[in-house]
Amino acid sequence: MITAFVMIDVEADRIPETAQQISELDGVSEVYSVAGGDWDLIAIVRVMNHEDLAEVIPNHLNKVQGVVSTTTNIAFRAFSQHDLEAAFSLGLE
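Residues numbered from 1 in each chain as written. Predicted model: local features only at pLDDT ≥ 70, side-chain atom pairs only at ≥ 80, totals over all residues. Heavy atoms only, no water.

Where an unreviewed UniProt entry is consulted, the protein appears under the name AsnC family transcriptional regulator, with the organism given as Pseudoglutamicibacter cumminsii.

If you want it as structure tokens, here you go:
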């Protein structure tokens, strides 16, 4: 599974509508509105291969009305205390 974090600059008057439309795209697992940086939204895209990633972001996400620009970061490895706790607690209930 490939995970990408897409930082999205959106027209200010379209943030809620744009976020909703992006959240409905295949491959988009989560969309967050954010503050404190250059971006209005961050979308988490999870797909099976790079070809799918190339389809979701430029061909669908970037074409949603209100999207001004995007920057994409692809994750190499996940480090999460939450995931470690879940793994070690299997079968203990």
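### Examining the pairing of strand β3 (residues 41-47)
Burial runs high along β3: five of the seven residues are buried. With five bridges joining them, strand β2 (residues 28-33) and β3 adopt antiparallel strand pairing. Residue pairing for β3: V31 is matched across the bridge by A43. (Buried < 20%, exposed > 50% of the residue type's maximum accessible area, 1.4 Å probe, protein only. Helix = DSSP H or I, 4+ residues; strand = E, 2+ residues; numbered from the N terminus. Pairing = 2+ DSSP bridges.)

### Some thoughts on the pairing of strand β1 (residues 2-10)
With respect to burial, β1 is a largely interior element, seven of its nine residues being buried. Bridge analysis of β1 against β3 gives seven bridges, and the strand direction is antiparallel. Paired with A4 across the strands is V45, a residue of β3.

### Remarks on the nonpolar core
Formed by 19 residues in total, the largest nonpolar core has its most connected members in I8, I22, V28, V45 and L61. For this core, the elements supplying multiple residues, two or more each, are β1, α1 (15-23), β3 and α2 (50-59). The greatest single-element share of this core, amounting to five residues, is contributed by β1. For I8, the residues in contact, after removing those within four places along its chain, are I22, W39, D40, L41, A43, L61, V67, S69 and T70. (Core = buried A, V, L, I, M, F, W, Y, C linked by side-chain atoms within 4.5 Å. Contact = heavy atoms within 4.5 Å.)

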